[in-house]
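One letter stands for each residue in the lines below.
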Amino acid sequence: LCVLLLLIWLVPTIGFAAIHPWLPFIAGIVFGGAILGILWLSVGLVLHAYTGKPILGTSRLRGITIRLLLPIMELMGRMMRIPVAAVRRSFIKVNNELVLSSGIQCEPRQLLVLLPHCIQSSRCTHRLTYHIDNCARCGACPLKDVLNLRDTYGVQVAIAGGTIARRIVVQARPKLIVAVACERDLSSGIQDTHPLPVFGVINERPNGPCLDTFVSIRRLESAIRHFIGIE
């Protein structure tokens, strides 16, 4: 982007001077300011993610990252033949670092753990959307362990996706969401719920996408404990 802006500035410079001697200088200020803004955004984002502290006035970079950088990252990834999943995985990691560095904490009832449908065993006959307590806790899928976390820490847990997930978020009115999903669904969910903070946990897919997926219970518990102030 910086190189592109530099070229856009150089080309009209040749003709601007013929219109008015001040136009090249004004154009240089405008495009130079844009280049500095992009550099500030990029450097500030990296420093924020790695240090865990807002640096160079970057306390609100998460919104810019979600609204602006992800589409650009996906476009550049396609041009450079980087898999979209890898780009989205990078975006989720940076988002998580920004959420962690914000220092947000909440009461257990204000934290919503949102799970995808595919975490439920494909052989299960129980309907769990809106009624997750219908789970028999047979241990055939990770839901037994997730519900044990809910009972231990008092957080909210729901299993849903797409429009139903948005409806559950509106009804639950959480202060923070810990979401389990694949890279695609997490990326879109983080965008859809902004400015509500979402900490993403990428699921494990040993059987392929959208079928009998798993989640690291240790990582999920660690996130819950962090956000409710236990560790």
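Please read all numbers here as calculations on a predicted model, not as lab measurements.

*Asks:* Quick one: what's the story with the sheet that holds strand β2 (residues 156-159), residue by residue and with numbers?
*Replies:* Read from one edge to the other, the open sheet built from four strands follows the order β2-β1-β3-β4, with strand pairing classed as parallel. Two strands in the sheet have a free side with no partner beyond their single neighbour: β2 and β4 (198-202). Here the average twist between neighbouring strands, direction ignored, is 20°. By the bridge criterion, four bridges tie strand β1 (residues 111-115) to β2 in an arrangement that is parallel.

*Asks:* Describe helix α5 (residues 143-153), listing the residues and the values that go with them.
*Replies:* Among the residues of α5, L143, V146, L147, L149, R150 and Y153 are the ones counted as buried. The buried residues of α5 occupy an angular sector of 150° when the element is viewed end-on, so they sit on one face. Those residues of α5 that are buried are in contact with β1, β2 and α8 (217-227). A positive backbone phi angle near 80° is found at G154, which sits one or two residues after α5.

*Asks:* Account for the packing of helix α2 (residues 23-51) against helix α4 (residues 84-101), naming residues and giving values.
*Replies:* Running from N to C, α2 and α4 cross one another at 65°; their axes reach a closest spacing of 8 Å. Taken together, the axes of α2 and α4 lie roughly perpendicular to each other. At the point where α2 passes α4, the crossing takes the left-handed sense. Seen from α2, the contacting residues are L45, H48 and A49; seen from α4, they are V94, E97, L98 and S101. Its residues assigned to classes, the contact of α2 with α4 comprises four nonpolar, two polar and one charged.

*Asks:* Could you give me a rundown of the side chain of T213, with the residues and numbers involved?
*Replies:* By the element assignment, T213 lies in the loop between β4 and α8. Here the side chain of T213 touches I119 through a polar contact of 3.5 Å, landing on its backbone nitrogen. Contacts of T213, omitting those with residues within four sequence positions, involve C118, I119, P142, N203, E204, R205 and G208.

*Asks:* Tell me about the nonpolar core, and please be specific about residues and values.
*Replies:* Core analysis: the largest hydrophobic core is formed by 30 residues, its most contacted members being L111, L115, L143, V178, I224 and F227. Every element with two or more residues in this core is listed here: β1, α5, β2, β3 (176-181), β4 and α8. The element contributing the most residues to this core is α5, with five residues. With residues near it in sequence (within four places) discarded, L115 still touches L143, V146, V157, A158, I159, A160 and V180. Counting residues in hydrophobic clusters, the runner-up holds 19 residues, among them L70, F91, I92 and A181.

*Asks:* I'd like a rundown of the pattern of salt bridges, residues and numbers included.
*Replies:* Taken as a whole and assessed by the stated rule, the structure comprises eight salt bridges. Residue R88 is joined to E74 by a salt bridge in which the shortest nitrogen-to-oxygen separation is 3.0 Å. Within this pair, whereas R88 is found in helix α4, its partner E74 is found in helix α3 (residues 61-79), the two being separated by 14 residues in sequence. Take R88 and E74: they sit in the same class, and that class is buried. What emerges from the salt-bridge pattern is a single network uniting D133, R137, R150 and D151.

*Asks:* Outline unusual backbone geometry, supporting the account with residue identities and numerical values.
*Replies:* The step from H194 to P195 runs through a cis peptide bond, and the omega angle for that step is 10°. Within the secondary structure, P195 is located in the loop between α7 (183-193) and β4. Positioned with a positive phi, R81 is a non-glycine residue whose angle comes to about 60°. Tracing the sequence through the fold places R81 in the loop between α3 and α4. The phi dihedral of R173 is positive, around 50°, even though this residue is not glycine. With respect to the secondary-structure elements, R173 resides in the loop between α6 (162-172) and β3. When its relative accessible area of 72% is taken as the criterion, R173 is described as exposed.

Basis of the calculations
Residues numbered from 1 in each chain as written. Predicted model: local features only at pLDDT ≥ 70, side-chain atom pairs only at ≥ 80, totals over all residues. Heavy atoms only, no water. Pairing = 2+ DSSP bridges. Helix = DSSP H or I, 4+ residues; strand = E, 2+ residues; numbered from the N terminus. Axes fitted to C-alpha atoms, helices over the stretch in contact; angles between N-to-C directions. Buried < 20%, exposed > 50% of the residue type's maximum accessible area, 1.4 Å probe, protein only. Arc of directions from axis to C-beta. Contact = heavy atoms within 4.5 Å. Parallel < 35°, antiparallel > 145°, perpendicular 65-115°, else oblique. Left-handed = near helix turned anticlockwise from the far one by under 90°. Nonpolar A, V, L, I, M, F, W, Y, C, P; charged D, E, K, R; others polar. Polar contact = N/O pair within 3.5 Å; in protein donor to acceptor, adjacent residues only side chain to side chain. Core = buried A, V, L, I, M, F, W, Y, C linked by side-chain atoms within 4.5 Å. Salt bridge = Lys/Arg side-chain N within 4 Å of Asp/Glu carboxyl O.

Taken by themselves, the reported measurements are silent on function.
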